[in-house]
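Listed below are the residues making up each chain.
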Amino acid sequence: MKLKFKLAAGAITLAGAGVLAISLFSYFLIQRARDNELKTKGVVLCQQFIHHQADAIQRRDETKLLKGFLDLMNDRDVISGEVVDNDGKVIAHSDINLAGQNHKKILDLALQFPDGIFHDSGEQVLDLISLAKSQNPEAFMLGSPNAMGAVRIGLSKKSNIYFMRNIRHGMIALAAIVIIGAFILSFSFAVLISRPMAALTAAIEEIAGGNLDSRVDIHSSDEIGQVGKAFNKMANELRLTQRQLLQANAELESRLKELAKTNVALEETQDKVVRSERLAAIGQLASGVGHELRNPLAAIRNAVYYIREAVQDTPTAKADPTLMEILGLAENEIKNSNNIISDLLDFSRVVKLAPYPTDVHELLGELQTVLDIPANVVLSKQFAGQLPQATIDPQRMRQVFLNLATNAIQAMPKGGQLSISTRLDPPVNGYPSQIVVAFKDTGEGIRPENMKKLFEPLFTTKAKGTGLGLAISQGFVQAHGGKITVESQPGKGCCFEVHFPLGGDNGG
Ligand SMILES: Nc1ncnc2c1ncn2[C@@H]1O[C@H](COP(=O)(O)OP(=O)(O)OP(=O)(O)O)[C@@H](O)[C@H]1O
Ligand SMILES: [Mg+2]
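Residues numbered from 1 in each chain as written. Chains lettered and ligands numbered in written order. Predicted model: local features only at pLDDT ≥ 70, side-chain atom pairs only at ≥ 80, totals over all residues. Heavy atoms only, no water.

**Overview of the domain arrangement of the protein**
Next, step 1: Looking at the protein, the domain boundaries give domain 1 (3-164) and domain 2 (353-506).
Next, step 2: Its C-alpha centre places domain 1 at a distance of 141 Å from the equivalent point of domain 2. (Domains from an automatic or database assignment.)

**Regarding the nonpolar core**
Next, step 1: Of all hydrophobic cores here, the largest spans 42 residues; its most connected members are Val360, Phe401, Leu418, Val437, Phe439, Phe496 and Phe500.
Next, step 2: In terms of residue count, the dominant contributor to this core is helix α10 (residues 394-410) (seven residues).
Next, step 3: Not counting residues up to four positions away in its chain, the partners in contact with Phe500 are Val360, Ala390, Ile392, Met397, Phe401, Ser433, Gln434, Ile435, Val437 and Gly482.
Next, step 4: Counting 23 residues, the second-largest nonpolar core is a separate cluster that includes Ala56, Leu65, Ala92 and Leu126. (Core = buried A, V, L, I, M, F, W, Y, C linked by side-chain atoms within 4.5 Å. Buried < 20%, exposed > 50% of the residue type's maximum accessible area, 1.4 Å probe, protein only. Helix = DSSP H or I, 4+ residues; strand = E, 2+ residues; numbered from the N terminus. Contact = heavy atoms within 4.5 Å.)

**Here we look at unusual backbone geometry**
Next, step 1: Even without glycine at this site, Asn429 takes up a positive phi of about 50 degrees.
Next, step 2: Note on placement: Asn429 falls in the loop between β9 (416-425) and β10 (434-441).
Next, step 3: Positive phi, close to 75 degrees, is recorded for Leu458, a residue that is not glycine.
Next, step 4: Looking at the element boundaries, Leu458 is found in the loop between β10 and α11 (469-479).
Next, step 5: Classification of Leu458 as partly exposed rests on a relative accessible area of 48%.

**So, the packing of aromatic side chains**
By convention here, two paired aromatic rings are described through the distance between centres and the angle between planes.
Next, step 1: In total, this model carries four aromatic pairs according to the counting rule given.
Next, step 2: Where Tyr27 meets Phe28, the ring centres are 5.7 Å apart and the plane angle is 80 degrees; that geometry is what we call edge-to-face.
Next, step 3: Residue classification places Tyr27 among the buried residues on the basis of a relative accessible area of 11%.
Next, step 4: Ring geometry for Phe49 versus Phe69: centroids 6.3 Å apart, planes at 65 degrees, classification edge-to-face. One end of the pair, Phe49, is in helix α1 (residues 3-59); the other, Phe69, is in helix α2 (residues 62-74), and 20 residues separate them in sequence.
Next, step 5: Judged by its relative accessible area of 4%, Phe49 falls in the buried class.
Next, step 6: Residue class for Phe69 comes out buried when judged on its relative accessible area of 3%.
Next, step 7: The ring of Phe163 is capped by Arg34, whose NZ or CZ atom sits 4.2 Å from the centre of that ring. (Phe/Tyr/Trp six-rings, centres within 6.5 Å; stacked < 30°, edge-to-face > 60°. Lys NZ or Arg CZ within 6 Å of the ring centre and 35° of its normal.)

This is the structure in structure tokens:
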């Protein structure tokens, strides 16, 4: 049940109970007063009648008695009456038929209660029986009442009953007015209270729902107004605390991010240190092995050359063609070994560039003549229309291109397409224009777990690879101030891009 209805019900109950109690109390007081008034009037009438008619009763002066009796009967409240003599015989009666009868009972009652007695039959009549005694008080005191007879008058209670009925009606009307008034007043009062309470409840629900901007518009100076003020103050504090919390949270988050960045940088630095130590060790080993192998390999190559010159036109060679084939194989393997040694030495040496303005497209054209392209591999070129000359070391860059193209071809043993494209990227964020040469193949692609290891020296997935091609290429490109990027889709192919600045007067 809503507060306003509770308050209204309470007020009605209170007002109803109050009105009922007051009405009942007043009602009985008034009723008693009216009854007493009627009784007093009866006593006075009776006493006056006895006073004036005592002689007439004693002398049986019926003419005077009847005249006085008729006067008594004329009173508006007296509706019946009788006078009995000291034998109990009725000498006057309001009902003429009863005159002369014996009503000793009236005389006995009067003698028993000489001060008079009221007999309330409970109907609309109040009987008053009074003793008519001698006017001589002495005779009365001697024990002889000198009773001359008794008088009974019946007083009508009708006017009292009507009066009380009117009073009752008036009280009911008053109670109805009071109850209705109490309802209207208490309901309006309750509405006055419940309206701000409803606003307060709505605001509290809003705050609970997360809207900390919710405030109440209560400006009264009573307790509810104070609750409203306290609520708004609490909401302000909550908002402030929330802001501070959010701010602290944001600061914490940014610190965490910085920490994570620092961590990554630290890990990278650690990685670099470890890698550079490993590279230095590998470089030392490679340089040593390369130098040691180079001279014996040159001697072997000279020896094979000498043997070929010595035997190629002899009958032995003609008789056994396998001899020349074996010599060819040996020469091929010597060449491969030489290449490996060159790679080892390239890798171990500090790169010293010999740059001069170079046409990159021309360099890529020469590459085609050196590349050993199998029949099942299609080579396509998408060169940028105009590419400015780049100040680069053409020999090193040619080797980079050769390595990447060779890798692409080797990644397509079942054939595919190798597309070489070039473009000129405009300056970005203060970095100069870059020439980009891309090698895209439709080969096997690179497994995600190998992507990070590609440029590590000696990393290879090939049976006959040294794993130095990309490491050397990256070294050369970095020496030019550039980088190699790679994107791969396992099973579909990959794309290596060489980015390097134009160099020289072009802003590199
Ligand atoms: N185009 C490519 N497609 C798929 N995998 C490639 C490609 N290019 C490089 N790789 C992978 O990267 C590895 C390292 O290449 P890298 O050129 O450094 O060495 P390698 O080719 O194995 O040996 P080599 O020293 O003869 O070049 C390769 O073994 C291969 O697994
Ligand atoms: Mg390679």
